[in-house]
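Summary of structural features
Below, each chain spelled out in residue letters.
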Amino acid sequence: MAGIAIVLDLLKKSQTKHSLHSSSLSSASAVASAAAVSAAAGAPFASRFLFGSFEPRVAYCDAAAAIDDDYLAAIRKMSADVLQRQPLTYISTSKQYNIQPKPIFSAFEYRALAMTTVRSLLMFYLPLLEPKTASEEDDDNFLNNDAEKPRADLIVPLKKSVKQIARETTVVTTRRVLERLAISYVSQRMAWKLLKDVPQSALRKAERGWSTHLYIFKVSQTTLRGHFLGIAASWTVQVGIEIYRCVSRYVKPEEEEEEEQVVISEQAKDLGNKVVGITVRCGASLVFAAIGAGICSCLIRPSTGQWIGCALGDLAGPIIVSVCLQKTLQADG
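A quick note: this is a predicted structure, and the numbers were derived from the prediction, not measured. (Residues numbered from 1 in each chain as written. Predicted model: local features only at pLDDT ≥ 70, side-chain atom pairs only at ≥ 80, totals over all residues. Heavy atoms only, no water.)

1. What to know about the overall build of the chain
On a plain count of helices and strands, the chain comes out with twelve helices and zero strands. Element order for the chain, N to C, with α for helix and β for strand: α-α-α-α-α-α-α-α-α-α-α-α. Residues counted as buried form 21% of the 333 residues belonging to the chain. Nonlocal contacts in the chain, meaning residues at least 24 apart in sequence, comprise 77% of its contacts between residues at least 6 apart. For the chain, the exposed surface amounts to about 25500 Å²; the carbon and sulfur share of it is 63%. (Helix = DSSP H or I, 4+ residues; strand = E, 2+ residues; numbered from the N terminus. Buried < 20%, exposed > 50% of the residue type's maximum accessible area, 1.4 Å probe, protein only. Contact = heavy atoms within 4.5 Å. Areas by Shrake-Rupley, 256 points an atom, 1.4 Å probe, with all protein chains shown as cover.)

This is the structure:
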């Protein structure tokens, strides 16, 4: 029995040593395989034949395979209810430019035509209503004691008034044509700036809390753009009138060709000088209208001040420039 016990004890010891040896071998093999996998993962494609291809295994499953049609219909109904109760609001990042041009024959509307007519009649008939001074009346009585006073000619101011009405309506119609051309051939943003309602824009700018200098600059800039088409229409009409006068004045028969050539060359030079003068006056009107609009919109109510300043600058600009040019020419002479 003692011998059998000794033999069993030796067998247990041998099994324990074998298990320890096998576990060490298995751990060593696991470390080696992990090192091989990492080396294969970091190895280039050309050396994978040494380590093999270690591509990950991916298992795909259809999550909706066990979902019935009633469940999907319930989800769709819930989504529709949520969208109806809380509709999505999409915010547009691009600015929308609302361009509303006026009718092309707006100058012939009742109100506009009536204002143009009254303004033209007052322009040419008011000088006739100015009373004479006492010295002028004494001189007239001394020179013409028995003669009757000459009556004022009312036909000439009427003709001038009709010409002025025709000119203003032509300018306004030309501006409407230029507005259509700007909408068709200019970008939408620039067309919106050219056709903007400048008094309302000045009123909106006043609510932004800008400093005085910045506000005057912005209103002047907006007026410069908004008043540009009106000045361009006025320049076009004035140049067209001068060209018509130049052409219609020298339509003669073919007899005096040499004299006609000389006169045409002189008239062409005169026409060029007139076009330059018209350009300078129109440019002065545009610049002074913008400056006057910026200053008056700061001193008075923004919309009313912008309109008054634009009108005053439009009238005063050509006068100031012509006076300065005359003084400059006299000093040079």
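2. Details of the nonpolar core
Burial of nonpolar side chains together is a common tendency in soluble globular proteins. With five residues, the main nonpolar core is built from Ile231, Val239, Ile278, Cys282 and Leu286. Contributing elements (two or more residues each) for this core: helix 10 (228-249) and helix 11 (257-299). Top contributing element to this core by residue count: helix 11, with three residues. (Core = buried A, V, L, I, M, F, W, Y, C linked by side-chain atoms within 4.5 Å.)

3. Overview of the packing of helix 6 (residues 155-185) against helix 10
One way to put it is that helix 6 packs onto helix 10 with a least axis distance of 8 Å and a crossing angle of 125°. The orientation of helix 6 relative to helix 10 falls into the category oblique. For the pair helix 6 and helix 10, the crossing hand works out as right-handed. Residues Arg167, Thr170, Val171, Thr174, Arg175, Leu178 and Glu179 of helix 6 touch helix 10, and the partners they reach there are Leu229, Gly230, Ala232, Ala233, Ser234, Thr236, Val237, Ile241 and Arg245. (Axes fitted to C-alpha atoms, helices over the stretch in contact; angles between N-to-C directions. Parallel < 35°, antiparallel > 145°, perpendicular 65-115°, else oblique. Left-handed = near helix turned anticlockwise from the far one by under 90°.)

4. A look at the pattern of salt bridges
In total, this model carries six salt bridges according to the counting rule given. With its nearest N and O atoms 3.5 Å apart, the salt bridge here joins arginine 175 to glutamate 179. One end of the pair, arginine 175, and the other, glutamate 179, are both in helix 6, four residues apart, so they sit about a helical turn from each other. On the accessibility criterion, arginine 175 (24% relative accessible area) is partly exposed. Overall, the relative accessible area of 6% leaves glutamate 179 in the buried class. Here glutamate 242 ties to arginine 245 by a salt bridge, and the two come within 3.6 Å at their closest N and O atoms. Here arginine 245 and glutamate 242 lie together in helix 10, a separation of three residues that amounts to about one turn. (Salt bridge = Lys/Arg side-chain N within 4 Å of Asp/Glu carboxyl O.)

5. Looking at the confidence of the model for the chain
Close inspection of predicted coordinates is inappropriate in any region flagged by low pLDDT. Here the chain shows a mean pLDDT of 75. Residues at 70 or above account for 61%. Looking at the elements of the chain, mean pLDDT is at its lowest for helix 2 (residues 48-51), recorded as 46, and at its highest for helix 9 (residues 212-226), recorded as 94. The low-confidence segment residues 17-28, where pLDDT is below 50, has zero contacts with residues more than four positions distant or belonging to other chains. Below a pLDDT of 50 lies the segment residues 39-51, which in the model reaches six contacts outside its immediate sequence neighbourhood of four places, other chains included. (pLDDT = per-residue confidence, 0-100.)

6. Some remarks on a nonpolar patch on the surface
Where nonpolar side chains cluster on the molecular surface, the patch consists of Ile104, Phe105, Phe108, Val177, Leu181, Tyr185, Val186 and Met190 and spans about 770 Å² of accessible area. By residue number, the principal contributor to the nonpolar patch is helix 6, which donates three residues. (Patch = residues over 30% accessible without salt bridge, like charges linked within 9 Å, V, L, I, M, F, W, Y side chains within 5 Å.)

7. Overview of empty space enclosed by the protein
To locate leftover empty space, one rolls a probe as large as a water molecule over the atoms. Taken as a whole and assessed by the stated rule, the structure comprises one cavity of 30 Å³ or more. Its volume calculated, the largest cavity comes out at about 30 Å³. Only helix 10 and helix 11 provide two or more residues apiece to the lining of the largest cavity. Here the lining of the largest cavity is composed, by residue class, of two nonpolar, one polar and five charged. (1 Å grid on protein atoms, 1.4 Å probe; cavity = no way out; pocket = protein on both sides within 12 Å on 5 of 7 lines; lining within 4 Å. Points joined across faces, edges and corners; volume = space filled by probe spheres on them. Nonpolar A, V, L, I, M, F, W, Y, C, P; charged D, E, K, R; others polar.)

8. Concerning the packing of aromatic side chains
Geometry of an aromatic ring pair is reported as the spacing of the ring centres plus the angle between the planes. By the definition in use, this model includes one aromatic pair. A ring pair is formed by phenylalanine 105 and phenylalanine 108, whose centres lie 6.3 Å apart and whose planes are at 55°; its orientation type is tilted. Over the ring of tryptophan 192 we find lysine 196; its NZ or CZ atom is 4.4 Å from the centre of that ring. (Phe/Tyr/Trp six-rings, centres within 6.5 Å; stacked < 30°, edge-to-face > 60°. Lys NZ or Arg CZ within 6 Å of the ring centre and 35° of its normal.)

9. Some details on the environment of arginine 180
Considering the arrangement of structural elements, one finds arginine 180 in helix 6. Residue arginine 180 is classed as partly exposed on the basis of its relative accessible area of 30%. Separated by eleven residues in sequence, arginine 180 and alanine 191 have C-alpha atoms that sit 9.3 Å apart.

10. A closer look at a positive patch on the surface
Taken together, the side chains of Lys159, Lys160, Lys163 and Arg167 present a region of like positive charge at the surface. Tracing the backbone through its elements, the reader meets arginine 167 in helix 6. Residue class for arginine 167 comes out partly exposed when judged on its relative accessible area of 36%. (Lys, Arg positive; Asp, Glu negative; His and termini not counted. Charge placed at Lys NZ, Arg CZ, Asp CG, Glu CD.)

11. Here's the deal with helix 9
The terminal C-alpha atoms of helix 9, which comprises 15 residues, lie 21 Å apart, in line with the 21 Å expected from a rise of 1.5 Å per residue. Along helix 9, the residues classified as buried are Tyr215, Val219, Ser220, Thr222, Thr223 and Gly226. Buried residues of helix 9 fall within an arc of 165° about the axis and therefore sit on the same side. (Expected span 1.5 Å × (residues − 1). Arc of directions from axis to C-beta.)

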